[in-house]
Amino acid sequence: MSPIIAAVISGVACLVVGIIVGIVYRKKYAEREIGSAELQARKILEDGIKAAETKKKEALLEAKEEILHTKNEFELELKERRNELTRQERRVQTKEETLDRKTEALEKKEETLTKKLKETDELKTEIEKIKAEQVETLQKIAGMTAEEATASLIAKLESEIKHEQAKKIVELEEQFKDEADEKAREIIALAVQRCAADHVSEITVSVVPLPSEEMKGRIIGREGRNIRTIETLTGVDLIIDDTPEAITVSSFDPVRREIARLALEKLISDGRIHPTRIEEMVEKARKEVETTIKQAGERATYDAGIHGINPELVKLLGRLKYRTSYGQNVLAHSIEVALLAGIIADEMGVDSTLAKRAGLLHDVGKSLTQEVEGSHVQLGVEIARKYKESKEVINAIEAHHGDVEAQSITALIIAAADAISAARPGARRENLENYIKRLTKLEEIANEFDGVDKSYAIQAGREIRIMVKPDVVDDDQMTIIARDIVKKIENELEYPGQIKVHIIRESRAIDYAK
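Predicted, not measured: the structure shown is a model, and the values here were computed from it.

Below, the discussion takes up the overall build of the protein chain. Counting its regular elements, the protein chain contains 14 helices and eight strands. The buried share of the protein chain, reckoned over its 514 residues, is 30%. As displayed, the protein chain offers around 35100 Å² of accessible surface, 54% of which is attributable to carbon and sulfur atoms.

A few words now on the confidence of the model for the protein chain. The predicted coordinates should not be examined in detail at positions where pLDDT is low. Put simply, the protein chain has an average pLDDT of 80, and 87% of its residues get 70 or more. Confidence drops under pLDDT 50 across residues 196–202; counting only partners more than four residues distant or on other chains, this segment forms 15 contacts.

Side chains of Ile 4, Val 8, Val 12, Val 16, Ile 20 and Val 24 sit close together on the surface and give an oily, nonpolar patch of about 540 Å² of accessible area. In this fold, Ile 20 is placed in helix α1 (residues 3–142).

Residues Ile 309, Leu 313, Leu 316, Leu 317, Leu 360 and Ile 383 are the most contacted members of the largest nonpolar core, which totals 41 residues. Residue assignment for this core shows that the elements contributing at least two residues are α6 (275–304), α7 (311–319), α8 (330–348), α9 (352–361), α10 (376–386), α11 (391–399) and α12 (409–423). Sort the elements by how many residues they give to this core and α8 lands first, with nine residues.

Counted according to the given criterion, the structure contains 20 salt bridges. Salt-bridge contacts for Glu 214 lead to Arg 218; the nearest nitrogen and oxygen are separated by 4.0 Å. Of this pair, Glu 214 and Arg 218 both sit in helix α3 (residues 214–220), four residues apart, roughly one helical turn. Accessibility expressed as a relative area gives 31% for Arg 218, which makes it partly exposed. With a closest N to O distance of 2.7 Å, Arg 261 and Glu 258 form a salt bridge. Residue Arg 261 and its partner Glu 258 are located together in helix α5 (residues 254–270), separated by three residues, close to a single helical turn. Via salt bridges that share partners, Asp 270, Arg 272, Arg 277 and Glu 280 belong to a single interconnected network.

Our focus in this paragraph is α8. Relative to the 27 Å expected for 19 residues at 1.5 Å per residue, α8 spans 26 Å between its end C-alpha atoms, a close match to the ideal helical length. By the criterion of burial, α8 is predominantly enclosed, with 15 of the 19 residues buried. The first or second residue beyond α8 is Gly 349, which carries a positive phi of 75°.

A few words now on unusual backbone geometry. With phi around 55°, Glu 223 is a residue other than glycine that occupies positive phi space. Mapped onto the fold, Glu 223 is located in the loop between α3 and α4 (225–234).

Take His 362: it is sitting in the loop between α9 and α10. Look at His 362 and you get buried, because its relative accessible area is 0%. When the C-alpha atoms of His 362 and Glu 398 are compared, they prove to be 8.1 Å apart, with 36 residues separating the residues in sequence. Residue contacts for His 362: discarding those within four places in its chain leaves His 333, Ser 334, Val 337, Ile 397, His 400, Ile 414 and Asp 418. Among the polar contacts made by the side chain of His 362, one reaches the main-chain carbonyl oxygen of Gly 359 at a distance of 2.6 Å.

So, on to the sheet that holds strand β8 (residues 500–505). One open sheet accounts for three strands, arranged β6-β7-β8; its pairing is mixed. The two strands at the open ends of the sheet, each matched to only one other strand, are β6 (452–458) and β8. Each neighbouring strand pair of the sheet contributes to a mean axis angle of 20°, computed without reference to strand direction. Note that strand β7 (residues 463–468) and β8 share six bridges and pair parallel. Among the inter-strand pairings, Ile 466 is bridged to a residue of β8, identified as Ile 503. Helix α14 (residues 475–492) rests against β7 and β8 of the sheet, and its axis sits at about 155° to β8.

Attention now moves to a negative patch on the surface. Taken together, Glu 96, Glu 97, Asp 100, Glu 104, Glu 107, Glu 110 and Glu 111 make up a surface patch of like negative charges. Mapped onto the elements, Glu 111 comes out in helix α1. Judged by its relative accessible area of 57%, Glu 111 falls in the exposed class.

Our next topic: the packing of α6 against α7. Two elements in contact, α6 and α7, have axes separated by 7 Å at closest approach and are oriented at 100°. Relative to α7, the element α6 lies roughly perpendicular. The residues of α7 that touch α6, namely those facing Ile 293, Lys 294, Ala 296, Gly 297, Glu 298 and Thr 301, are Val 314, Lys 315, Leu 317, Gly 318 and Arg 319. Along the lines of polarity and charge, the residues of the contact of α6 with α7 split into four nonpolar, three polar and four charged.

Conventions used here
Residues numbered from 1 in each chain as written. Predicted model: local features only at pLDDT ≥ 70, side-chain atom pairs only at ≥ 80, totals over all residues. Heavy atoms only, no water. Helix = DSSP H or I, 4+ residues; strand = E, 2+ residues; numbered from the N terminus. Buried < 20%, exposed > 50% of the residue type's maximum accessible area, 1.4 Å probe, protein only. Areas by Shrake-Rupley, 256 points an atom, 1.4 Å probe, with all protein chains shown as cover. pLDDT = per-residue confidence, 0-100. Contact = heavy atoms within 4.5 Å. Patch = residues over 30% accessible without salt bridge, like charges linked within 9 Å, V, L, I, M, F, W, Y side chains within 5 Å. Salt bridge = Lys/Arg side-chain N within 4 Å of Asp/Glu carboxyl O. Core = buried A, V, L, I, M, F, W, Y, C linked by side-chain atoms within 4.5 Å. Expected span 1.5 Å × (residues − 1). Polar contact = N/O pair within 3.5 Å; in protein donor to acceptor, adjacent residues only side chain to side chain. Pairing = 2+ DSSP bridges. Axes fitted to C-alpha atoms, helices over the stretch in contact; angles between N-to-C directions. Lys, Arg positive; Asp, Glu negative; His and termini not counted. Charge placed at Lys NZ, Arg CZ, Asp CG, Glu CD. Parallel < 35°, antiparallel > 145°, perpendicular 65-115°, else oblique. Nonpolar A, V, L, I, M, F, W, Y, C, P; charged D, E, K, R; others polar.

This is how it looks when you write it as structure tokens:
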């Protein structure tokens, strides 16, 4: 064997022996490591168990402390509730004792009251007996029964009271008439003489003349489109009937009616009638009417001699040109009231400028009554406040129909001037049927009173003459009946101006010489 081979074999053998020794050593080392890890794990487990036991004891201790704390709080609350319950029971017991005492007191009072009532009944019976004896004695002395004596006394008192009442009424009337009649006549007569106003009447329809019957068809238009356009834009009703060469414009609003009338006249004059042209003409007519309204308001302020009125208020005044009341133009009426109020104020030594201003504005609310809910008095007050009119003017507007109490002499002057303007003959017209009903109602009111024989409404209803039965109504009763009839007329009848109640009592003796 060669030395090289021997060396190789020797090296391999050494390598194998080294490997075997390494394996044996490594196994022993691993066993030592495993034993050490097991010891360490066992120690960690024992420490964990000890820590868990400690935590468990701490948790149990905390739970016991919490339970103890809760128990103490519950016992404390229970104790407080028991104490409160004890107090409530004491209060209830006290109230029961109080009620018992009150009940006993009430029972004692009831017994006392029953005793007193019994005594009162006995005393009442005794008094009734004495009264009956006294009445019987008085009846024997007077020679009449108690009923007859009472009736006689009442009749005598009624007669005396009626006489005194009539006497007092006559004295007061004479006193006031002596002081006021002469001065009032002078002032009113002077005011009426110095004021002359035209009367302008309006109705609810306007008639537009047509150049030919053919124009009616053109106004109606194809399938009625033209007439619908006019009615829609103006808010009026166009009445096209058999009236030759005329068309009627109907509307409760005179401003709308005037715009429609002007627009129709322009369309008829122009000859071109179609929806577009209608819109142009209606707008043009509306502007013209607005200009006319403004000019009418400015003219009214000039005629009344009033300056410094708000421009919007002037426009509202101008709208009154197209308003009427019982056929009387409201703007003309307002100017007339302003002039009358100024004259009366001058005669009485009151500020005539303020009176004329209030008179001109007293019916301004009528410019909105067809557009806004409310009476013309309420609307007039709101308008005057809106445009910063004085308190005196506002009160005059508010009081000119007696809705509120007049707070100044100016307000009374406006009410008087308004009545004069409305009641003046020819100022207002009245429907014949309503006129006859008013006269009939006037006579019916008078005939309802006892002792009235006949009654006659004369002077167009401004006076009623009443014939009374002389054997039923005496002179004192005449005055009282007159006052009662006046009050009933004022409460139940609407009328312009005033109504004179004239009662006549006449006794006649007729015989014949033969």
